Amino acid sequence: MKLKCTIPTPLGDMIALAEAGSLCELRFIGQKYAPENTGEWQPDSDHPLFMALRGQLEAYFAGQLNTFDLPLAPRGTPFQMAVWELLRAIPSGTTVTYGALARQLAEQRQGRLPAPQAVGGAVGRNPIAIIIPCHRVLGVNGSLTGYAGGLERKAALLDLEKQIAA
């Protein structure tokens with residue numbers, strides 16, 4: 001069954017989509033690439049997965065949680081999935097560049113270095129914001145670039161995580 005729920009956060013409401021007991025999407029409402037046609041998804045804000053998600057997001061925004069423990073099922077191409085797996089390995093309170101992710105991916109695949117722009121495209125299409133921490137990726141010079149949820153939210157998430165790590 002396809003389920004959906006709206007979750008309020010200090011940075012704006014998010015929409016969560018779940019299927020087969022796993023979180024498929026978590027995005028800020030109105031952000032780039034946000035799900036538009038969720039009419040077939042049934043609202044169920046009391047589903048245990050959404051209750052756990054709400055609790056963990058509340059703890060995260062309160063500065064009490066930096067690692068999420070939820071079943072995830074993002075959907076994407078094999079390249080996107082590989083990039084999203086690398087994102088999950090970035091520790092809270094730290095950042096990496098798109099180029100560094102490209103080099104990590106090349107090492108894993110023992111192959112040609114993907115273009116940082118291709119990595120950036122996969123990062124931007126991350127369907128599970130915050131939990132798969134695409135906000136921890138910066139431009140080559142450390143600049144805030146490319147966050148589908150908006151650069152203000154990216155900056156706020158990074159600031160929050162720096163406080164948690166301190």
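Now for a look at the structure at hand. (Residues numbered from 1 in each chain as written. Predicted model: local features only at pLDDT ≥ 70, side-chain atom pairs only at ≥ 80, totals over all residues. Heavy atoms only, no water.)

Across its full length, the protein chain holds 5 helices and 6 strands. Starting at the N terminus and ending at the C terminus, the protein chain contains elements arranged as β-β-β-β-α-α-β-α-α-β-α. Taken over C-alpha atoms, the radius of gyration comes to 16 Å for the protein chain, in line with the 15 Å a tight globule of 166 residues would show. If you line up the protein chain on its principal axes, its C-alpha atoms span 45 × 35 × 25 Å. Burial analysis of the protein chain (166 residues in total) assigns 47% to the buried set. Counting contacts in the protein chain only where the partners sit at least 6 residues apart, residues at least 24 apart contribute 57% of the total. Averaging the positions of the 15 positive and the 14 negative side-chain charges in the protein chain gives two centres separated by 8 Å. (Helix = DSSP H or I, 4+ residues; strand = E, 2+ residues; numbered from the N terminus. Rg over C-alpha atoms; globule rule 2.2 N^0.38 Å. Buried < 20%, exposed > 50% of the residue type's maximum accessible area, 1.4 Å probe, protein only. Contact = heavy atoms within 4.5 Å. Lys, Arg positive; Asp, Glu negative; His and termini not counted. Charge placed at Lys NZ, Arg CZ, Asp CG, Glu CD.)

Moving on, we get to the pairing of strand β2 (residues 14-19). Taken across its 6 residues, β2 has 5 buried, putting it largely inside the fold. Summarising the sheet, strand β1 (residues 2-7) and β2 pair through 6 bridges and their orientation is antiparallel. For L3, the partnering residue across the bridge sits in β2 and is A18. In this structure, the hairpin formed by β1 and β2 is closed by a connection of 6 residues, where G12 is found at a positive phi of approximately 120 degrees. Turn length for the β2-strand β3 (residues 22-28) hairpin, with the two strands adjacent in sequence and antiparallel, is 2 residues, and the turn residue A20 shows positive phi of about 55 degrees. (Pairing = 2+ DSSP bridges.)

Turning our eyes to something else, we now look at the pattern of salt bridges. As enumerated under the stated definition, the model contains 4 salt bridges in all. One salt bridge in this structure joins E19 and R75, with 2.1 Å as the shortest N-O distance. Taken as a pair, E19 in strand β2 and R75 in the loop between α1 (48-61) and α2 (78-88) lie far apart in primary sequence, 56 residues in all. (Salt bridge = Lys/Arg side-chain N within 4 Å of Asp/Glu carboxyl O.)

Between α2 and helix α4 (residues 116-124), whose axes approach to 9 Å, the crossing angle comes to 80 degrees. In terms of their interaxial angle, α2 and α4 are classed as roughly perpendicular. Counted together, F79, Q80, V83, W84 and L87 of α2 and A118, V119, A122 and V123 of α4 form the full contact between these two elements. (Axes fitted to C-alpha atoms, helices over the stretch in contact; angles between N-to-C directions. Parallel < 35°, antiparallel > 145°, perpendicular 65-115°, else oblique.)

With respect to burial, β3 is a largely interior element, 7 of its 7 residues being buried. In this sheet, β3 lies alongside β2 in antiparallel orientation, the contact comprising 6 bridges. Opposite E19, over in β3, you have S22 as the bridge partner.

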